[in-house]
Amino acid sequence: MERKDIEIISRHSNWTEKGIDKVLKEEVYSDSKSWKGFLNLLFISLGVGFTVSGIVFFFAFNWADLHKFTKMGLIEGLIILTTSVVLFSKLNLNVKNIILTGTSVLVGVLIAVFGQIYQTGANAYDFFLGWTLFISLWVIISNFPPLWLVFLTLVNTTFVLYSQQVASDWSEVFVFSSLFLFNSLVLVILHLLLKFRNDIKVPSWFTSILGFAAIVFSTIGIIIGIFDNHQSSFLLLILLSIVAYGAGIIYSFRTKNGFYLSLIPFSIIIIISSLLIKISEDAAMFFIVSLFIIASVTLLIKGLLDIQKKWNNGK
């Protein structure tokens, strides 16, 4: 039972304050055990993150003083050690997944060290492509959202670098359209899984980051297309964005979630502002754009507050 359900029931029943308080403590509020579990995972995550960062800076600072076999051996030894802990220890599953996420970052360090030692001359996208492929099995098996986030970040980075270093004939709008479409499809698949599979749990922060990334790619692509009319795939990106933005707004009203309802209008405000600047770049237009941004953001915030009040009142 969620907090909204309790509020609705309390308004339409003779439920006592004592009973409501008891249910809130049992179903909604976090107790000391929950906070201890959260802090435990938080400090472990920070520890793993700082350890990986320390390893990276260690190699950067002592690069000239280390033999190439020492460099490779240290990284490979750390990867073997942490992987063995994940496989054979009796630690909590979340702790194992956090360690595995740190190990996945070490894989990238290993590839980078190898490339620097032997000067492979590979493009940057080869580095991220190899990193993505080598951790793919861990990502699928662990099914850990932070590790999935690392994986998707690597996929997006690989595609961007490939478009810059190999497929240089691709237009920028096409690149951002592809990134927008890819992240949107992943987001749609996740929402479908959440709807039809009760055994799959995806944290809201993960879907929010994906949605944010998709809208950012869409916004950047449209702005590039506005200032460069010769960019291919511009009309396709506009059509895809209209469909996706409409679906996001509908989803927000159905789920009473204001995330997309606030993010999408901000994207539209930025796009309209870019279009106005494209029309004219004199001082008067910049003044008009400033007034437009102030007025539109003010109206947007007021509208969001009104909608939130209606949702809180159960309408």
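Since the structure is predicted, the reported quantities are computational estimates derived from the model, not experimental observations. Once a new chain begins, its residue numbering starts again from 1 and follows that chain's sequence as written. pLDDT decides what is reported in this predicted model: residues at 70 or higher carry local features, side-chain atom pairs at 80 or more are listed and counted, and totals for whole chains, interfaces and linings draw on all residues regardless. Calculation of side-chain values draws on the structure's entire complement of heavy atoms; hydrogens and water are dropped beforehand.

> Would you take a moment to explain the overall build of the protein chain for this structure?
A run of H or I in DSSP becomes a helix once it reaches four residues, and a run of E becomes a strand once it reaches two; helices and strands are each numbered from the N terminus. Per the secondary structure count, the protein chain includes 12 helices and 0 strands. To sort residues, take the accessible area from a 1.4 Å probe on protein chains only and compare it with the maximum for the residue type: under 20% means buried, over 50% means exposed, and anything in between is partly exposed. In the protein chain, which comprises 315 residues, the share counted as buried stands at 35%. When the accessible surface of the protein chain is totalled, it reaches about 19600 Å², and 68% of it is carbon and sulfur. Computed with a 1.4 Å probe, the accessible areas rest on the Shrake-Rupley method; for each residue, only the protein chains presented here act as cover.

> Explain the packing of helix α6 (residues 124–142) against helix α7 (residues 145–165) here, please?
Helix-helix packing is described using two parameters, namely the angle between the two axes and the distance between the axes. Only the contacting stretch of a helix is used when fitting its axis, a line to C-alpha atoms as for every element, and angles between N-to-C directions run 0 to 180 degrees. Contact pair α6 / α7: the axes reach a minimum separation of 9 Å and the direction vectors enclose 155 degrees. On the basis of the axis angle, α6 is roughly antiparallel to α7. You can see that α6 and α7 cross each other, and the crossing is left-handed. Contact with α6, carried on its side by Ala 124, Tyr 125, Phe 128, Leu 129, Trp 131, Thr 132, Ile 135, Ser 136, Trp 138, Val 139, Ile 140 and Ser 142, involves Leu 147, Trp 148, Val 150, Phe 151, Leu 154, Val 155, Thr 157, Thr 158, Leu 161, Tyr 162 and Gln 165 of α7 and no other residues of that element. As a working rule, the residues Ala, Val, Leu, Ile, Met, Phe, Trp, Tyr, Cys and Pro are called nonpolar, Asp, Glu, Lys and Arg charged, and the rest polar, with Gly in that last group. A class-by-class count of the residues in the contact of α6 with α7 yields 17 nonpolar, 6 polar and no charged. Orientation categories follow fixed angle ranges, with anything under 35 degrees roughly parallel, anything over 145 roughly antiparallel, 65 to 115 roughly perpendicular, and all other angles oblique. Two helices that cross are described as forming a left-handed crossing if the nearer one is turned anticlockwise from the farther one by less than a right angle, and a right-handed crossing if clockwise. Every residue pair with non-hydrogen atoms within 4.5 Å of one another is taken to be in contact.

> Hey, could you run me through helix α4 (residues 68–88) in this one?
Each α-helix winds once per 3.6 residues, and so residues spaced three or four apart point in a common direction. Spanning 21 residues, α4 covers 30 Å between terminal C-alpha atoms, matching the ideal 30 Å at 1.5 Å per step. Restricting attention to buried positions, one finds in α4 the residues Lys 71, Met 72, Ile 75, Ile 79, Thr 82, Thr 83 and Val 86. Seen along its axis, α4 keeps its buried residues to an arc of 115 degrees; they face one direction. Exposed side chains of α4 directed beyond 90 degrees from the buried face belong to Phe 69, Ile 80, Leu 81 and Phe 88. Take the number of residues in a helix, subtract one, and multiply by 1.5 Å to get its expected span. The arc in question is traced by the directions running from the helix axis to the C-beta atoms.

> Looking at this structure, how should I read the packing of helix α5 (residues 93–118) against α6?
Across the interface, α5 lies against α6 with an axial gap of 9 Å and an inter-helix angle of 160 degrees. Here α6 runs roughly antiparallel to α5, going by the angle between their axes. In this structure, α5 meets α6 at a crossing whose hand is right-handed. Residues Asn 97, Leu 100, Thr 103, Ser 104, Val 105, Val 107, Gly 108, Ile 111 and Ala 112 of α5 form the contact with α6, whose own contacting residues are Phe 127, Gly 130, Trp 131, Phe 134, Ile 135, Trp 138 and Ser 142.

> Explain a nonpolar patch on the surface here, please?
Exposure above 30% relative accessible area and the lack of any salt bridge qualify a residue for a patch; like charges then connect within 9 Å, and the nonpolar side chains Val, Leu, Ile, Met, Phe, Trp and Tyr within 5 Å. We define a salt bridge as a side-chain nitrogen of Lys or Arg found within 4 Å of a carboxyl oxygen belonging to Asp or Glu. Taken together, Phe 69, Phe 114 and Tyr 118 make up a surface patch of nonpolar side chains, about 330 Å² in accessible area. With respect to the element layout, Phe 69 can be found in helix α4. Overall, the relative accessible area of 56% leaves Phe 69 in the exposed class.

> Would you explain the packing of aromatic side chains in this entry?
Aromatic rings in a pair are described by how distant their centres are and how their planes are angled relative to each other. For Phe, Tyr and Trp, where Trp contributes only its six-membered ring, two rings pair if their centres lie within 6.5 Å, and the inter-plane angle classes them as stacked under 30 degrees, edge-to-face over 60, or tilted in between. Overall, the coordinates contain 12 aromatic pairs when judged by the stated rule. Residues Phe 127 and Phe 128 carry aromatic rings whose centres are separated by 4.8 Å and whose planes lie at 70 degrees to one another, so their mutual orientation is edge-to-face. With a relative accessible area of 21%, Phe 127 lands in the partly exposed category. Clustering of aromatic rings is evident, with ring pairs tying together Tyr 125, Phe 159, Tyr 162, Trp 170 and Phe 174.

> Please clarify how the pattern of salt bridges should be interpreted in this entry.
Within this structure, the stated rule accounts for 1 salt bridge. The partner of Asp 306 in a salt bridge is Lys 302, and the shortest N-O contact between them spans 3.2 Å. Highlighted residues: Asp 306 and Lys 302, both in helix α12 (residues 283–312), separated by 4 residues, approximately one helical turn.

> Quick question: what am I supposed to make of unusual backbone geometry here?
Residues apart from glycine generally show negative phi values, whereas peptide bonds are mostly found in trans. A positive phi angle, near 50 degrees, is found at Asn 143, a position not held by glycine. With respect to the helices and strands, the residue Asn 143 is situated in the loop between α6 and α7. Although it is not a glycine, Lys 256 sits at a positive phi angle of roughly 55 degrees. For Lys 256, a relative accessible area of 33% puts it in the partly exposed group.

> Sorry if this is basic, but what is going on with the side chain of Ser 218 here?
Along the chain, Ser 218 falls in helix α9 (residues 204–227). In this structure Ser 218 comes out as buried when scored by relative accessible area, which is 0%. Between N or O atoms, a polar contact is any pair within 3.5 Å; within protein, one atom must be a potential hydrogen donor and the other a potential acceptor, and residues adjacent in sequence are included only when both atoms are from side chains. Polar contacts involving the side chain of Ser 218 include one to the side chain of Ser 241, which spans 2.7 Å. Discounting residues that sit within four places of it in the chain, Ser 218 has contacts with Phe 180, Leu 237, Ser 241 and Tyr 245.

> Help me out: how do you make sense of the layout of surface pockets in this one?
In this approach the atoms are scanned with a rolling probe the size of a water molecule, which exposes any empty space left behind. Of the voids in this model, the largest pocket is the one considered here, and its volume is about 770 Å³. Of the grid points, spaced at 1 Å and generated over the protein atoms alone, those admitting a 1.4 Å probe that cannot get out make up cavities, while open sets with protein on both sides within 12 Å along at least five of seven lines make up pockets; any residue with an atom within 4 Å of a point is treated as lining. Lining the largest pocket are 25 residues; nearest its centre among them are Val 188, His 191, Ala 247, Gly 248 and Tyr 251. Every element with two or more residues in the lining of the second largest pocket is listed here: α7 and α8 (172–196). If you tally residues by element for the lining of the second largest pocket, the top one is α8, at 4 residues. Classifying every residue of the lining of the second largest pocket by side-chain character gives 11 nonpolar, 1 polar and 1 charged. Grid points are joined across faces, edges and corners, and a volume is the space filled by probe spheres set on the points.

> Would you mind going over the nonpolar core with me for this structure?
Here, the term nonpolar core denotes a set of buried Ala, Val, Leu, Ile, Met, Phe, Trp, Tyr and Cys residues that are joined through side-chain atoms within 4.5 Å. Among the nonpolar cores identified, the biggest contains 40 residues, and Ile 79, Val 107, Trp 131, Ile 135, Trp 138 and Leu 210 are the most heavily contacted of them. Among the elements of the structure, α3 (32–61), α4, α5, α6, α7, α8, α9 and α11 (258–279) are those that each provide at least two residues to this core. If one sorts the elements of this core by residue count, α5 sits on top with 11 residues. Trp 138 has contacts with Ile 79, Thr 83, Leu 100, Thr 103, Ser 104, Val 107, Asn 143 and Leu 147, leaving out every residue within four places of it along the chain. Counting 13 residues, the second largest nonpolar core, distinct from the first, contains Ile 222, Ile 224, Ile 226 and Leu 237.

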